[in-house]
Amino acid sequence: QAEVLDNRSVSISLLGGSTVTVRATYMVYRPSRHTRRGRPRGVGKRGKGGAGLYPALHELGFRDRVSPALQTTVARTATEVASYQIARDMLCDRGIPISCKRVRKITLALAARAFLNRNAKLEQAHEGTLPTNAQWAGKRIAIAIDGGRLRTRIFRQGRPRASGWRRFTTPWCEPKMLAIYEIDDKGKKIGKPIYDGTLGDWQALLRLVLIQLKRTGADRAREIVFLGDGGPWIWTVQSELFAALPGLKKQDVLDFYHAAGYLWNMIDKATT
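Read on for an overview of the structure. Every value quoted in this text rests on a predicted model; they were computed, and no experiment measured them.

Assignment of secondary structure puts Lys176 in strand β8 (residues 176-183). There is a polar contact of 3.4 Å between the side chain of Lys176 and the backbone oxygen of Gly200.

Dropping the structure here:
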């Protein structure tokens, strides 16, 4: 095993739409010939270490030859609109020339790193080494949980089509989302909330809630207000959450519009 280092010129895209070229040290992992298994690679093929990286740029947040500010802008724009094409058009209108393919690549790469970061926090929480602060200790905290509905793309096994695309199915699933934020005595939101979610079951969401509470000191809050609609799994999360955090003052709030909808249905049936 060896690390190959050399200096190379690399082009970096910046937020303003410009591109600059810098010289940086390049590193790539290449296993020795004696440790390689399987058929030899062809000319130009990437090895086990992939395409390598620029350590100095990596530490400064430059990934995929894109500045951190541009990564954030592209990913945020892509998640706020209905398609990558619309995101690309909006970015071009702002003076950021970019292709639809690159919008998708930057967004998915940033999302993948976010998931790695969250999974690392899950592991730290399991080991009891998760860094914490007292941001919300002694405060009044609201926890809002809800479910949604979306389609996921699952690729089928087998050979791809002649066009190169693989066949896939798009079953419906329920994403489980949460928001945690500070509120005053009148229920008004204070500061920025924390958003998170999962495509797993209610137990996966419960783990995320506990991690966020411990990380921000909200597990030592003055009071926790739990908000949700009539979904049975939501109140399962509520009961398990407060069982894991005994001694906290709590208050449950049922979503008004869901409750009003059920009441109107009852009134409608009673009057017909």
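Don't stop here, the text continues.
All chains considered together, the criterion is met by 6 salt bridges. Put simply, Glu174 and Lys176 hold a salt bridge, and the shortest N to O gap is 3.6 Å. Between Asp219 and Arg220 there is a salt bridge whose closest N-O contact spans 3.6 Å.

The next subject is the nonpolar core. Ranked by size, the top nonpolar core spans 24 residues in total, and within it Ile143, Ile145, Val209, Leu213, Ile224 and Leu241 carry the most contacts. Broken down by secondary-structure element, the contributors of at least two residues to this core are β3 (140-147), β8, α5 (202-216), β10 (223-228) and α6 (232-244). The element that contributes the greatest number of residues to this core is α5, accounting for 6 residues. Those residues within four positions of Ile145 in sequence are excluded, and the remaining contacts are Met177, Leu178, Leu205, Val209, Phe226, Leu227, Gly228, Trp233, Ile234 and Val237. Within the second largest apolar cluster, 10 residues are counted, among which are Val66, Leu70, Ile98 and Val103.

The next thing to look at is the pairing of β10. Two faces make up the sheet, and in a regular strand the side chains alternate between them. Within β10, 5 of the 6 residues are buried, leaving the element largely enclosed by the surrounding structure. Where β3 lies against β10, 5 bridges are found, and the strand directions are parallel. By the bridge assignment for β10, Ile143 is matched with Phe226.

Attention now goes to helix α7 (residues 256-271). The end-to-end C-alpha distance of α7, which contains 16 residues, comes to 22 Å, matching closely the 22 Å that a straight helix rising 1.5 Å per residue would cover. Among the residues of α7, the N-terminal cap falls to Asp255, whose side-chain oxygen and the backbone nitrogen of Tyr257 are separated by 3.3 Å.

What counts and how
- The numbers attached to residues start from 1 for each chain and follow its sequence in the written order.
- Restriction of local features to residues with pLDDT of at least 70 applies here, the model being predicted, together with a cutoff of 80 or more for giving and counting side-chain atom pairs; totals for whole chains, interfaces and linings are based on all residues.
- Side-chain numbers come from the whole structure's heavy atoms, not from hydrogens or water.
- By definition, any uninterrupted DSSP run of H or I lasting at least four residues is a helix, any uninterrupted run of E lasting at least two residues is a strand, and each is numbered from the N terminus.
- Identification of polar contacts relies on pairs of N or O atoms within 3.5 Å, with a donor-acceptor requirement for protein atoms, meaning one able to donate a hydrogen and the other able to accept it, and with residues adjacent in sequence counted only if both atoms are side-chain atoms.
- By salt bridge we mean one thing: a side-chain nitrogen of Lys or Arg within 4 Å of a carboxyl oxygen of Asp or Glu.
- Here, nonpolar core refers to any group of buried Ala, Val, Leu, Ile, Met, Phe, Trp, Tyr and Cys residues whose side-chain atoms link them within 4.5 Å.
- Under the scheme applied here, a residue whose accessible area is under 20% of the maximum for its type counts as buried, over 50% as exposed, and between as partly exposed, the area being computed with a 1.4 Å probe on protein chains only.
- The contact rule is simple, with two residues in contact once any of their heavy atoms fall within 4.5 Å.
- Pairing between two strands requires that DSSP report at least two bridges joining them.
- By definition here, a helix of n residues has an expected span of 1.5 Å times n minus one.

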